[in-house]
Amino acid sequence: MRPPARLAVPPVFGAVLAVALAAAPASAAPTGTLPTGAVPTGTVHARTVPASAPPAAAPTGVRALGAELADAGTGQQLWGRDPGTKRPMGSVTKVMTALVVIEAGNLGRKIRVPASAVSYVASHGASTAGLRAGDVLTARQLLNAMLLPSGCDAAYVLATAYGPGRAAFVAKMNAEARRLGLAKTHFSNFDGLPYPTPRATHSTPANLVALGRAAIALAAFRATVDRQAYHLANRNGHHAYSWRNTNLLLGSYAGADGIKTGFTLAAGYCLLFEAHRGTSVLIGVVLHSTATRPGARFTAARRMLNWGFGVLAASPRHTG
């Protein structure tokens with residue numbers, strides 16, 4: 001489990017780090033650490049630490065088209081690649097779906113799975129939690145079904161219940177995005193599927209990091225995305241279910257806390273992630289890490305996190 005939410009890194013550290021990073025000489029800006037042509041074109045934003053203990057100017061081996069890494073406590077950006085460029089993000093969309101549901105409350109309410117939810121995932125070839133029509137599950141159980149196996153059927157059920165109606169729910173998602181100041185984020189649906197167009201639902205690395213910080217500040221969300229698996233026994237009202245988290249960073253990277261995977265052909269393989277080490281907490285995202293290798297997003301996240309924790313360890317807060 002991560003340290004207590006938003007208390008892991010004192011706010012004053014963000015200011016100290018910002019001063020230290022801003023004072024770094026211009027010559028410290030990255031000139032590229034990968035072979036020519038290996039990194040997609042686009043603006044790279046990087047911060048450096050004082051010359052007394054300089055780690056690499058940027059994480060190496062990250063080939064995502066869009067990325068950002070930040071101090072989870074303060075929101076201070078440590079590194080980014082095209083952090084303001086709009087891109088589709090697949091099922092990372094479900095982070096906002098969960099945020100709207102959790103903020104609405106009443107997670108113990110019982111919701112019946114309609115047959116239309118089952119036919120919906122079948123018609124779209126979407127990721128599914130395998131929900132059975134007629135089963136009655138609580139909103140909290142459906143959050144696990146949506147966030148762990150990335151069940152679009154669970155997202156459908158929650159959006160229908162909490163809209164009420166799916167169109168009304170999507171409107172609430174966009175209203176929440178405006179409230180959070182996510183000016184470059186738009187939701188056309190509740191699950192990130194590529195309709196009405198492959199890029200209709202989109203965001204930016206910077207906006208998604210802000211969304212992740214808002215969501216993981218909620219205890220119900222944090223407790224859900226931190227799970228590697230969730231099991232429900234066959235009881236009155238529903239069948240037995242067993243869901244595994246698609247986020248393979250959990251259990252393979254010490255201190256990983258979540259958050260959510262995503263994929264469509266247009267979005268490529270994406271990951272919004274967070275991890276803690278000691279009292280430091282980092283949050284980051286990679287968009288379109290690759291279109292063909294699902295594991296590349298987890299490799300990129302590990303490299304970004306290792307680099308970021310090195311930056312924090314070399315900061316004035318840790319060195320004196």
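In what follows, the structure referred to is the one given above.
Since we're looking at a predicted model, the values are computed, not measured. (Residues numbered from 1 in each chain as written. Predicted model: local features only at pLDDT ≥ 70, side-chain atom pairs only at ≥ 80, totals over all residues. Heavy atoms only, no water.)

Observations regarding the pairing of strand S3 (residues 77-81)
Burial analysis of S3 places five of its five residues in the buried class, which makes it a mostly covered element. Bridge count for strand S2 (residues 66-71) against S3 is four bridges, and the pairing is antiparallel. By the bridge assignment, Glu-68 is partnered in S3 with Gly-80. Hairpin connection, S2 to S3: the antiparallel pair is bridged by five residues, and Gly-75 has positive phi, about 85°. (Buried < 20%, exposed > 50% of the residue type's maximum accessible area, 1.4 Å probe, protein only. Helix = DSSP H or I, 4+ residues; strand = E, 2+ residues; numbered from the N terminus. Pairing = 2+ DSSP bridges.)

Some thoughts on the pattern of salt bridges
Applying the stated rule across the entire model yields three salt bridges. Between Glu-103 and Arg-179 there is a salt bridge whose closest N-O contact spans 3.6 Å. You can see Glu-103 sitting in helix H2 (residues 94-104) and its partner Arg-179 sitting in helix H6 (residues 166-179), a full 76 residues away along the chain. Judged by its relative accessible area of 55%, Arg-179 is exposed. (Salt bridge = Lys/Arg side-chain N within 4 Å of Asp/Glu carboxyl O.)

So, helix H9 (residues 296-313)
Over its 18 residues, H9 extends 26 Å from the first C-alpha to the last, a length consistent with the 26 Å expected when each residue adds 1.5 Å. All buried positions along H9 are accounted for by Ala-296, Arg-297, Phe-298, Ala-300, Ala-301, Met-304, Leu-305, Trp-307, Gly-308, Phe-309, Val-311 and Leu-312. (Expected span 1.5 Å × (residues − 1).)

Some thoughts on the layout of surface pockets
Here the largest pocket is characterised by a volume of approximately 270 Å³. Lining the largest pocket are 19 residues, with Ser-91, Ser-127, Gly-262, Phe-263 and Thr-264 positioned closest to its centre. The element best represented in the lining of the largest pocket is strand S8 (residues 256-264), accounting for five residues. The residue makeup of the lining of the largest pocket, split by class, is six nonpolar, nine polar and four charged. (1 Å grid on protein atoms, 1.4 Å probe; cavity = no way out; pocket = protein on both sides within 12 Å on 5 of 7 lines; lining within 4 Å. Points joined across faces, edges and corners; volume = space filled by probe spheres on them. Nonpolar A, V, L, I, M, F, W, Y, C, P; charged D, E, K, R; others polar.)

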